[in-house]
Amino acid sequence: MILVLLVCGLVLIALVLLGLFVFGLRRRLIQRSGGTFDCSLRWHAPDPEEPVGVPGKGWGYGVARYNGDRVEWFRIFSYAPRPRRTLERSAIEVVDRRAPDGEEELALLSNAVVLGCLHRGVRLELAMSEDALTGFLAWLEAAPPGQRVNVA
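Residues numbered from 1 in each chain as written. Predicted model: local features only at pLDDT ≥ 70, side-chain atom pairs only at ≥ 80, totals over all residues. Heavy atoms only, no water.

Caption draft 1: Main features of helix α1 (residues 2–31). Taking 1.5 Å of rise per residue, 30 residues should cover 44 Å, and α1 covers 44 Å from first to last C-alpha, within 8% of that figure. Considered for burial, the residues of α1 that qualify are G19, R26 and I30. Buried residues in α1 make contact with β1 (36–38), β3 (62–67) and β4 (70–75). (Helix = DSSP H or I, 4+ residues; strand = E, 2+ residues; numbered from the N terminus. Expected span 1.5 Å × (residues − 1). Buried < 20%, exposed > 50% of the residue type's maximum accessible area, 1.4 Å probe, protein only. Contact = heavy atoms within 4.5 Å.)

Caption draft 2: Geometry of the sheet that holds strand β8 (residues 122–128). Taken together, the four strands give an open sheet; going across it, the order is β2-β8-β7-β6, and neighbouring strands pair in antiparallel fashion. Pairing within the sheet leaves two strands with one partner each, and these edge strands are β2 (40–43) and β6 (92–98). Across the sheet, the mean angle from the axis of one strand to that of its neighbour is 25 degrees, orientation sign disregarded. Where β6 and strand β7 (residues 113–119) come together, six bridges link them in antiparallel fashion. Across the sheet, residue I92 finds its bridge partner in β7, namely H119. Strands in contact with helix α3 (residues 130–141) are β6, β7 and β8; relative to β6, the strand with the most contacts, it is inclined by about 150 degrees. (Pairing = 2+ DSSP bridges. Axes fitted to C-alpha atoms, helices over the stretch in contact; angles between N-to-C directions.)

Caption draft 3: Region of interest: the environment of V122. Structurally, V122 can be placed in strand β8. For the pair V122 and W43, spaced 79 residues apart in the sequence, the C-alpha separation amounts to 7.7 Å. Aside from chain neighbours lying at most four places away, what touches V122 is W43, H44 and C117.

Caption draft 4: Quick peek at the environment of S90. Within the secondary structure layout, S90 lies in the loop between β5 (85–88) and β6. In sequence terms S90 and H119 are 29 residues apart; their C-alpha atoms lie 9.0 Å from each other.

Caption draft 5: Structural view of the side chain of R65. Counting through the fold element by element, R65 comes out in strand β3. Taking the relative accessible area as the measure of exposure, R65 reaches 15% and is therefore buried. Within the structure, R65 has its side chain in polar contact with the side chain of E72 (distance 2.6 Å). Once residues lying within four places of it in the same chain are set aside, the contact partners of R65 are L29, I30, S33, G34, G35, T36, R70, V71, E72 and F74. (Polar contact = N/O pair within 3.5 Å; in protein donor to acceptor, adjacent residues only side chain to side chain.)

Caption draft 6: Quick peek at α3. With 12 residues, α3 should cover 16 Å at 1.5 Å per step; its first-to-last C-alpha distance of 17 Å lies within 8% of that length. When we look at burial in α3, the residues that qualify are A132, L133, F136, L137, W139 and L140. Buried residues of α3, viewed axially, fall in a sector of 155 degrees; they line one side. Exposed residues pointing more than 90 degrees away from the buried face of α3 are listed as D131, T134 and E141. (Arc of directions from axis to C-beta.)

Caption draft 7: Fine view of the confidence of the model for the protein chain. Per-residue pLDDT for the protein chain has a mean of 85; in total, 89% of the residues score no lower than 70. Per-element averaging of pLDDT across the protein chain places helix α2 (residues 104–107) at the bottom with 83 and β5 at the top with 94. (pLDDT = per-residue confidence, 0-100.)

Caption draft 8: Quick look at the side chain of R89. Assignment of secondary structure puts R89 in the loop between β5 and β6. We classify R89 as buried; its relative accessible area is 7%. At 2.3 Å, the side chain of R89 and the side chain of D69 are in polar contact.

Here it is in structure tokens:
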């Protein structure tokens, strides 16, 4: 009986360690090509003029990676090898920039800046550090000649 419990405990510990190893390996593979930054995402974000039901809801922690004319967003707590969302540079329109307010400060990383955007008609918000925001806006403005870029 004790041997069975010991073996089950060891198997459980091995599974937890394997899961943590795979999380770390996935993040390393995502960051391998460079151009990554920590970025929280809220898809279908509420309009700032409309009253919000529950402030701070809907944010997902993630890592974003530049890939040519796209930004690929990966959830942190996922084993998926593919990005959860892909944003094309030509389809991103920046509409506002603000500091987190209320309960959002608890839901986001410290010193995050919230960038409101439209992507193919869908309102979304990206929260990132000031340094990452500077790089993101520079990437948006560095579109090839002839592409429409909307940065407010």
